[in-house]
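Coordinate inspection notes
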Amino acid sequence: MKLRFKLIALFITGIMTTIQAQDNPILLFPTGAPGENLQLTEKADNTGNQTGDLPVTRISDVSAPTITIYQAPEEYANGAAMIVCPGGGYNILAYDLEGVEVAHWLNELGITAIVLKYRVPRREGLEKHAAPLQDAQRAVGYIRANAEKYNIDPVRIGIMGFSAGAHLSVMTSNSGNERTYPIVDAADQVSCRPDFCLLVYPAYLDGENFSLAPEIKVSADAPPTCIIQTEDDKNYINSSLFYYYALKEAGVQAAMHLYPTGGHGYGLRDTGHLVNEWPDRAEDWMRDLGVID
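Quick look at the structure, then. Treat the numbers as computed from the prediction; the structure is a model and nothing was measured.

Looking only at helices and strands, one finds six helices and 13 strands in the chain. A compact globule built from 293 residues should have a C-alpha radius of gyration of about 19 Å, and the chain, at 17 Å, falls within 12% of that. Its C-alpha atoms give the chain principal-axis dimensions of about 45 × 45 × 40 Å. Within the chain, contacts between residues separated by at least 24 positions form 78% of all contacts whose residues are at least 6 apart in sequence. Of the roughly 12400 Å² of accessible surface on the chain, a fraction of 50% belongs to carbon and sulfur atoms. Across the chain, the mean location of the 22 positive side-chain charges is 2 Å away from that of the 36 negative side-chain charges.

Structure below.
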């Protein structure tokens, strides 16, 4: 675990260059995202926040959603893939902390990582997740339709997210194969259901009176799910507890690791709390599922 933290620090400071995107960012909707009327200029800022004594790059004003594909070295790539959804309250994306650094960890496990840059901030007049859900569904379909090209097993494509990105992962996991946008091409003819789901400090999943948020409809078709949560994440602990219970009631295979401290927004970085071991537990879970050897 200590080695992982050292590698993250080296990567952030620019010393480590071994992780490389196979392709430049891929535009998910080449002729424009569905219903998108905004023409925003993306901005990136790393001067405001720090986690684990390192800066966090926050991307804002995304109107052209993309994916960037990171593949593990060929000698130990195992065919599994993971769509990675950074968090940020559906207003910004914590793109390195909850995106690129996570791709590096997944690559170490032999998993192809696909970092999703979905539309932010929230669109006026739409539910907070409406535009991002279109982007996430399109990402899963695109990867599945192009699985052979990227040496991916089309039945081992997962999704994971942090905070708002975890809410987006849940929405994608429970939307079945019903696209929330008009079909664009062949990538929208295949299933957009993820095969497994990993949620790290999920947000916005709980509603009133010990229930789920109304937009979340859990069925037995939801994929196997692992949840990472801390007890002192006071604003969002009920998101994890209520969603875990809903999965259990629906008969969906679910695991939850609940730690005493760690708060919210730690990503993979060393913050001195026991929750920093969560990647090891997630790896165990993926091995148990057969996602990795």
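What follows is about the packing of aromatic side chains. Throughout the structure, instances matching the rule amount to ten aromatic pairs. Plain terms: the ring middles of Phe-29 and Tyr-181 are 5.4 Å apart, the flat faces sit at 90 degrees to each other, and that makes the pair edge-to-face. In this pair, Phe-29 sits in the loop between β1 (26-27) and β2 (43-45) while Tyr-181 sits in the loop between α4 (164-173) and β11 (196-200), placing the two residues 152 residues apart along the sequence. With respect to burial, Phe-29 and Tyr-181 carry one shared label: buried. Geometrically, the ring pair formed by Phe-162 and Trp-278 is edge-to-face, given 6.1 Å between the ring centres and 70 degrees between the ring planes. Here Trp-278 lies in helix α6 (residues 278-289) and Phe-162 lies in strand β10 (residues 157-162), a separation of 116 residues in the sequence. Judged by relative accessible area, which is 0%, Phe-162 ranks as buried. A network of ring pairs unites the aromatic residues Trp-105, Phe-162, Tyr-201, Tyr-266 and Trp-278 as a single cluster. Looking at Lys-117, its charged tip hangs above the ring of Tyr-95, at a distance of 5.6 Å from the centre.

Viewed as axis vectors pointing N to C, helix α3 (residues 130-145) and α4 meet at an angle of 65 degrees, and their least axial separation amounts to 10 Å. The chirality of how α3 crosses α4 is right-handed. On α4, the residues touching Pro-132, Leu-133, Ala-136 and Val-140 of α3 are Leu-168, Met-171 and Thr-172. Each residue belonging to the contact of α3 with α4 can be placed in one class, and the counts come to six nonpolar, one polar and no charged.

Rules used throughout
Residues numbered from 1 in each chain as written. Predicted model: local features only at pLDDT ≥ 70, side-chain atom pairs only at ≥ 80, totals over all residues. Heavy atoms only, no water. Helix = DSSP H or I, 4+ residues; strand = E, 2+ residues; numbered from the N terminus. Rg over C-alpha atoms; globule rule 2.2 N^0.38 Å. Contact = heavy atoms within 4.5 Å. Areas by Shrake-Rupley, 256 points an atom, 1.4 Å probe, with all protein chains shown as cover. Lys, Arg positive; Asp, Glu negative; His and termini not counted. Charge placed at Lys NZ, Arg CZ, Asp CG, Glu CD. Phe/Tyr/Trp six-rings, centres within 6.5 Å; stacked < 30°, edge-to-face > 60°. Buried < 20%, exposed > 50% of the residue type's maximum accessible area, 1.4 Å probe, protein only. Lys NZ or Arg CZ within 6 Å of the ring centre and 35° of its normal. Axes fitted to C-alpha atoms, helices over the stretch in contact; angles between N-to-C directions. Left-handed = near helix turned anticlockwise from the far one by under 90°. Nonpolar A, V, L, I, M, F, W, Y, C, P; charged D, E, K, R; others polar.

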